[in-house]
Amino acid sequence: MPAFSRSAAPVAAAAPAGVRLFFALWPGPALAATLASWAAQAQAACGGRAMRPDTLHLTLAFLGAVDAERAAALVAATARQRARPGSITLDRYGTFARQGIVWAGPAEVPPALQHTHDALWDWLEPLGWPRPAQAFKPHVTLLRRAARLDGTPAAPPPVQWQYRRYVLVQSRPREGVAHYQVLARSAG
Ligand code: ATP
Ligand code: MG
């Protein structure tokens, strides 16, 4: 069974090898360190498990399992994509109560970021990945399995995230711990 499969069901011998992929903005080390301090502050109030600084990201498009051939094509094509550069003001904590997630995000979606998200799906949709029905809600997950979600503290001073590129990432979920590998970056 492939390492990324969490199912107890047997995998058919003919099933193509697949990888779990998503597109994201990835912060540089300085911003990741700042966001790690946000996570520590939220954790003191909410409990839960903090994401490691090197795993912090903002998902633009989640693709799920992709067979090896299409994954290779995506890796090559990603390097030819060009994101519209932009800036995000991270100024608030938010929660996804069902998953026990505490995140950092912007109060409003910046138009340039919405454009980058929409342009990404304009590219992906004709390739066969269905565009999500729900609105884009940009966020950086800071904590998982937080128990006290009603006590989210006031956010630290806002931080600006200037980005130029997005990345294509492989996810290898293992025992609830995220393992990510950047496979390709857009041009920029
Ligand atoms: P784990 O699932 O093992 O807890 P993870 O959620 O970090 O780890 P993935 O499930 O592979 O790893 O998700 C990778 C990224 O895509 C994360 O940012 C996650 O929030 C996001 N994501 C996962 N599933 C979806 C989905 N169905 N729709 C939108 N985004 C998703
Ligand atoms: Mg997940």
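Residues numbered from 1 in each chain as written. Chains lettered and ligands numbered in written order. Predicted model: local features only at pLDDT ≥ 70, side-chain atom pairs only at ≥ 80, totals over all residues. Heavy atoms only, no water.

K.L.:
Describe the packing of aromatic side chains, naming the residues involved and giving the relevant values.
P.N.:
Inspection of the entire model under this criterion finds six aromatic pairs. Look at Trp-26 and Tyr-180: their rings are 5.8 Å apart centre to centre, the planes differ by 85 degrees, and that puts the pair in the edge-to-face class. Of this pair, Trp-26 sits in the loop between strand 1 (18-25) and helix 1 (29-46) while Tyr-180 sits in strand 10 (residues 180-185); the two residues are 154 residues apart in sequence, bridging distant segments of the chain. Residue Trp-26 is classed as partly exposed on the basis of its relative accessible area of 24%. Relative accessible area serves as the criterion here: at 23%, Tyr-180 is assigned to the partly exposed category. Ring centres of Trp-38 and Tyr-93 lie 5.4 Å apart, and the angle between their planes is 65 degrees; this geometry places the pair in the edge-to-face category. In this pair, Trp-38 is assigned in helix 1 and Tyr-93 in strand 5 (residues 92-96), connecting sequence segments 55 residues apart. (Phe/Tyr/Trp six-rings, centres within 6.5 Å; stacked < 30°, edge-to-face > 60°. Helix = DSSP H or I, 4+ residues; strand = E, 2+ residues; numbered from the N terminus. Buried < 20%, exposed > 50% of the residue type's maximum accessible area, 1.4 Å probe, protein only.)

K.L.:
Go over the environment of Ile-88, please, and point to the residues and values.
P.N.:
Along the chain, Ile-88 falls in strand 4 (residues 86-90). Judged by its relative accessible area of 0%, Ile-88 is buried. Distance from Ile-88 to Pro-138, taken between C-alpha atoms, is 9.6 Å for residues 50 residues apart in sequence. For Ile-88, the contacting residues outside a window of four places in its chain are Leu-25, Leu-58, Pro-106, Pro-110, Leu-113, Val-159, Gln-160, Trp-161 and Tyr-163. (Contact = heavy atoms within 4.5 Å.)

K.L.:
Describe in detail helix 2 (residues 68-78), supporting the description with residues and values.
P.N.:
Considered for burial, the residues of helix 2 that qualify are Ala-71, Leu-74, Ala-77 and Thr-78. Buried residues of helix 2 fall within an arc of 130 degrees about the axis and therefore sit on the same side. Structurally, helix 2 contributes buried residues whose contacts are with strand 1, strand 3 (58-67), helix 3 (111-124), strand 9 (167-171) and strand 10. Its side-chain oxygen at 3.1 Å from the backbone nitrogen of Glu-69, Asp-67 defines the N-terminal cap of helix 2. (Arc of directions from axis to C-beta. Polar contact = N/O pair within 3.5 Å; in protein donor to acceptor, adjacent residues only side chain to side chain.)

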